[in-house]
Structure formats: structure tokens, C-alpha cells
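Residue strings, one per chain:
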Amino acid sequence: MSRQITSVVGGSTVTGGDAHADLNPSDLSDVVLEYGGVDASAAKAALEAAAAAFPLWSRTTPWERSTVLDKAGSEVLARADELGDLLAREEGKTLPEAKGEVVRAGQILKYFAGAALQPHGHLLDSVRPGVEVSVTREPIGVVSVITPWNFPIAIPAWKIAPALAYGNSVVFKPAELVPGSAWELVDILNRAGLPAGALNLVLGRGSVVGPVLTTDPLVNGVTFTGSVGTGRGILDADAPLGRKVQLELGGKNPLVIVDDADLATAVEVLVQGGFGSTGQRCTASSFAVVTDAIHDRLVAAVQERLSRWTVGDARAAGIEMGPVVDPSQLAQDLRYLDVARSEGGEVHGGEVLELGTAGHYLSPALVLGTKSSDTINREEVFGPVVSVIRVADYDEALATANASTMNLSAGVVTTDLATATHFRRSSKAGMVMVNLPTAGVDFHVPFGGRGDSSHGPREQGFAAIDFFTTSKTAYTAPGSPRN
Ligand code: UN1
């Protein structure tokens, strides 16, 4: 029998529920673990536990909150090999990518351990004589944290750590495909000293528990990373209720490569940004916009690089790309390749691979000869697929890059400082990368996009406080009694 895990509500485990198996996408005969998906009443109980814990947790000192996060961060870092192996096994990114993600999660916990101690707030004189004004930050209350499968530990960490650092209590619902990393993170944080109910874990179907976690009256805020469709649904349900909502949705991220680019840099930036983590990241470089004079050289060099690209079991040594996460994502990738062909694109690669184990393996796909208006350049594929648009010059490249409506991240590869500066200033994306892949972000600075990509305050770093706190402005009259 495989390992069993459960939801955690108010510090207690919840048994029962409909049976789910966490399968290894590199080898479907490997059941990583099993769990019972809970129902709406368990989600409600988790919100009640979080609401009950909030008065206690929100009144702990910054030092107490910092200590819990710091201790949890140390454990995550110390167990990076083991947790990385679990992550690669349940999600399918390569072992170095998975371990890197675990280390990032540990660093995020440490960062917010420090952030909990930072001063904020103002004390000022009123415009009215003798009156004092204070502006302080307070936690928002009970926060629902809903996360996707593609970053099973880093995204939960970058939502849960600031939520807890600023005194909120949390109900956490991870994606159904990656419960193991979520369970470990919750276990580590609870053992690091959280009071029961400050952090609850709800393992269950989004369609069953999602409506409770987003619309129940006990919810004060919802932070969600995932698909545009689900995110829009949350906003439609929560906006009339006046809930605080933070959404990180899709990305359609351009990588501009201009004539003066260093070829080797351009190839690595495209390949890592497009095919790293099997292209399953909202920051992936999903379409390359390449100026005329470098186009053919670049395409030849990328194809040569991809001919040596190793696809295989995520945990095997020397593998550059693991499998696609599940059958429905694989079907989506293949559907987009078919649409690209039907719209005139020339697809290289993108073949389903039969390897030693039964997994969802797809070779990296490069789609040449595409136009800006093609579906493949408009919609997020979320797989190892990069389309290429040939343009005359930098001006056309910039316009083509900015035609995206999911402006999360945009990159430029150039050796010219003026071009780099112009692109950085003119891009419509929330994040810009110069001679770097569009994917791969730091934890101490704001993360987020524009257009249809994001909604609400930015995540991470010094921006995280904006969502996870609300400000209070208090006026004190001069005649107030002394104590
Ligand atoms: C990264 O590229 O390092 O879901 C992070 C995603 C993003 C995170 C990307 N929210 O892919």
C-alpha cells in the first residue's frame, strides 16, 4: 500500500473522503501516495478553525511569527534533497529543477521570517492642531490560498509565508495533482510552532471545496494562482462580495531576439525559458519574435541544441526535461500543435515519446513560420512548445511582443544597451528580462503581470504586504485622557 496523507483542520487529521492517487507522471505504475478528497463541510470546518485561530495568531509578536517561519525555512533547506525528490516524482520536473524549487521555498520562508520583523507604519501630526494620526498595517484575517500543480512548494510558500508573517490565518488548497509537497510544507510549518488552526490543509476537488473557500462569509481574502478561467470565476463570485482577491493567471510571454544578439546567449535563453520545467510555467518564453537577419542562424542553432535535448524520467541523471504532468495537459499541448499546423505553422518535434516507463513524454516543439495573429501566439499552451515569428526589425518586434494580452514576463536578447533600455521601458509586461529567460524569478522583489495575467496587488518580496495586510488610519484628539 502507498503512503497515505490527509487534510489537516485545526491541527487534526481528517479521514475519509473520495480516494485519490498521486501518480508519478514519469512512470504511471508508481503511486506516490494516496489521500481522501474532502467535501465542502470539511472546507467549512477549516475556515472555522482558521477564524478561531486568528485572534491568537494575529496577536503573537513579530518575533514569534518570525521564529516559526525561520525554523520552517531551515527544515525545508535541510531536507532539500528528499523534498526535491518527492516534488520531481509527483510533478515531473527534473531533479535539479525540483531541488532548486525546494531551496527557493526555504529561502522564501527565511525572507518572510525577516519581513515579519520589519517596521512599518507612520505616526504624524494631523492637519488639525494637537491631533495625532497613526497609519498602521493589520492582517486581513482568514485567507484562502489556492495553488497550481506546476510549482508545488514554491508558490504555496510565497503565499503562505507572507500570510502568516503578517498575522493572517490560512486555509490552503493545493492542486489535486501535487498533494505530497503541500502536505510536507504544512507539516513542517505546524511542527515549527504554529498554533492549531493557523494553517489548515484542504485536499479535495476544486469544484467541491473551491466555492466554499472563495465565497464563504468567513473568508477575508483569496489568493489564487492558476488558469484564467478559474481565476475569472473567482473574481466574478468574489467581487460582489467585496472580498480581497489576488490572482496570478496565465502568461503569453514574448522573447525578442534582435540581429545584434549573441547567438549562444539567445539559444540558451530561448531553450531554458521555453522548455525548462517542460514549459509548464506561466512565465515560460512561449513565443520568440526574431528579426530577419538573425532568424535563420538562430533557428538552425536552436534546432541543433534541441536535437541533443534529453527527455526522460524526471529523476534520472542527466535529463534536461521531464514528462508533461498528466493526460489532459498532454492532450492540450497536442491540440495546440494541431491548431498551429492548420493555421500554417511548421511544427518541428512535439512528438509523443515511448520511453522505458509509461509516462506522458513529449519532445520539445518548435513551431516556425507563425504569425502574430495565430492561435499559438495568442493562447497559453503550458507545455514544451515555442513558436517563432519572423519580423523585419526591432520596432516590429516590440509591437509584436506587446500584442500579447497576458503580459506577465517579456524578454529581449541584445548586445546593444540602447535596445535593452528601450525594450525595458516600452514593454507592456509586468516583468522584463534582458539576456535572461522570461522564467525564473527572485523571491525578494514583486512578481506579477499586467493585462489579463494578474489581478490585485503584486506577490512576493516587499510587495506582499499590500495584499496580506490592510491599513488603518487612526486619529487621536489632544484631549484624550492620559494613562
Ligand atoms: C518562475 O518562473 O520562476 O505558475 C516562477 C507559474 C508562476 C511562477 C513562475 N506563477 O509558472
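If you're wondering where the values come from, they're calculated on a predicted model, not measured in any experiment. (Residues numbered from 1 in each chain as written. Predicted model: local features only at pLDDT ≥ 70, side-chain atom pairs only at ≥ 80, totals over all residues. Heavy atoms only, no water.)

1. Concerning the site of the ligand
- Near the ligand there are 13 residues, and of these Arg104, Asn150, Cys282, Thr283 and Gly440 occur at the shortest range.
- One nitrogen or oxygen atom from the side chain of arginine 104 is found 2.7 Å from an oxygen atom belonging to the ligand.
- Residue asparagine 150 places a side-chain N or O atom 2.9 Å away from an oxygen atom belonging to the ligand.
- Considered class by class, the residues forming the shell around the ligand number seven nonpolar, four polar and two charged.
- Structurally, the shell around the ligand is a two-domain feature, drawing no fewer than three residues from each of domain 1 (3–249 + 453–475) and domain 2 (253–434). (Near = heavy atom within 4 Å. Polar contact = N/O pair within 3.5 Å; in protein donor to acceptor, adjacent residues only side chain to side chain. Nonpolar A, V, L, I, M, F, W, Y, C, P; charged D, E, K, R; others polar. Domains from an automatic or database assignment.)

2. Focus: the domain arrangement of the protein chain
- Under the domain assignment used here, the protein chain contains domain 1 (3–249 + 453–475) and domain 2 (253–434).
- For domain 1 and domain 2, the distance between their C-alpha centres works out to 31 Å.
- Listed per partner, the contact involves 25 residues of domain 1 and 29 residues of domain 2.
- Across the domain 1 to domain 2 interface the summed buried area is about 2,000 Å²; carbon plus sulfur atoms make up 56%.
- A per-residue breakdown of the area domain 1 buries against domain 2 is headed by Ser26, Trp149 and Ser453, which together make up 25% of the total. (Contact = heavy atoms within 4.5 Å. Buried area = accessible area lost by both parts, 1.4 Å probe.)

3. Quick notes on the pairing of strand S12 (residues 244–248)
- Burial analysis of S12 places four of its five residues in the buried class, which makes it a mostly covered element.
- Looking at chain direction, strand S11 (residues 221–225) and S12 are connected through five bridges and run parallel. Bridged to valine 222 within S12 is valine 245.
- Viewed along the sheet, the connection from S11 through helix H8 (residues 228–238) into S12 turns out right-handed.
- As paired strands, S12 and strand S24 (residues 454–455) are joined by two bridges and run antiparallel to one another. Across the sheet, the residue bridging to glutamate 248 is serine 454, located in S24. (Buried < 20%, exposed > 50% of the residue type's maximum accessible area, 1.4 Å probe, protein only. Helix = DSSP H or I, 4+ residues; strand = E, 2+ residues; numbered from the N terminus. Pairing = 2+ DSSP bridges. Right-handed = clockwise from strand over helix to strand, strands pointing away.)

4. Topic: the sheet that holds strand S25 (residues 469–476)
- The antiparallel open sheet is built from three strands, whose spatial order is S6-S7-S25. A strand with exactly one partner marks an edge of an open sheet, and here the two such strands are strand S6 (122–125) and S25. Recorded for the sheet is a direction-independent mean angle of 20 degrees between the axes of neighbouring strands.
- Here strand S7 (residues 132–139) pairs with S25 via eight bridges, running antiparallel. Residue pairing in the sheet places threonine 136 in a bridge with lysine 472 of S25. (Axes fitted to C-alpha atoms, helices over the stretch in contact; angles between N-to-C directions.)

5. Structural notes on the pattern of salt bridges
- Applying the stated criterion across every chain, the model contains 25 salt bridges.
- Here glutamate 184 ties to arginine 79 by a salt bridge, and the two come within 3.0 Å at their closest N and O atoms. You can see glutamate 184 sitting in helix H6 (residues 179–191) and its partner arginine 79 sitting in the loop between helix H2 (62–78) and helix H3 (80–91), a full 105 residues away along the chain. Each of the two residues, glutamate 184 as well as arginine 79, counts as buried.
- For lysine 159, the salt bridge identified is with glutamate 459, shortest N-O distance 2.8 Å. Of this pair, lysine 159 sits in helix H5 (residues 154–165) while glutamate 459 sits in the loop between S24 and helix H14 (464–468); the two residues are 300 residues apart in sequence, bridging distant segments of the chain. With respect to class, lysine 159 is no different from glutamate 459; both count as buried.
- Because the salt bridges share partners, they merge into one network encompassing Arg3, Glu75, Arg79, Glu82, Glu184, Asp187 and Arg191. (Salt bridge = Lys/Arg side-chain N within 4 Å of Asp/Glu carboxyl O.)

6. Some thoughts on unusual backbone geometry
- Positive phi outside glycine occurs at threonine 278, with the angle close to 55 degrees.
- Exposure remark for threonine 278: the relative accessible area of 2% places this residue in the buried category.
- The backbone of asparagine 435 sits at a positive phi, close to 55 degrees, despite the residue not being glycine.
- Assignment of secondary structure puts asparagine 435 in the loop between strand S22 (431–434) and strand S23 (450–451).

7. Section: the nonpolar core
- Counting residues in each nonpolar core, the largest one holds 69 residues, and the members touching the most others are Leu69, Phe112, Ile160, Phe172 and Leu189.
- Here this core gets nine residues from one element, more than from any other, and that element is H5.
- Lining this core are residues from two domains, each supplying at least three of them: domain 1 (3–249 + 453–475) and domain 2 (253–434).
- Grouped together as the second largest cluster of nonpolar side chains are 25 residues, Val267, Val269, Val290 and Trp309 included. (Core = buried A, V, L, I, M, F, W, Y, C linked by side-chain atoms within 4.5 Å.)

8. Some points on helix H13 (residues 417–426)
- Every buried residue of H13 is listed here: Thr419, Ala420 and Phe423. Taken around the axis of H13, the buried residues stretch over an arc of 100 degrees, which confines them to a single face. Away from its buried face, by an angle of more than 90 degrees, H13 presents the exposed residues Leu417, Ala418 and Arg425.
- Where the residues of H13 are buried, they touch strand S13 (253–257), helix H12 (394–401), strand S21 (409–413) and S22. (Arc of directions from axis to C-beta.)

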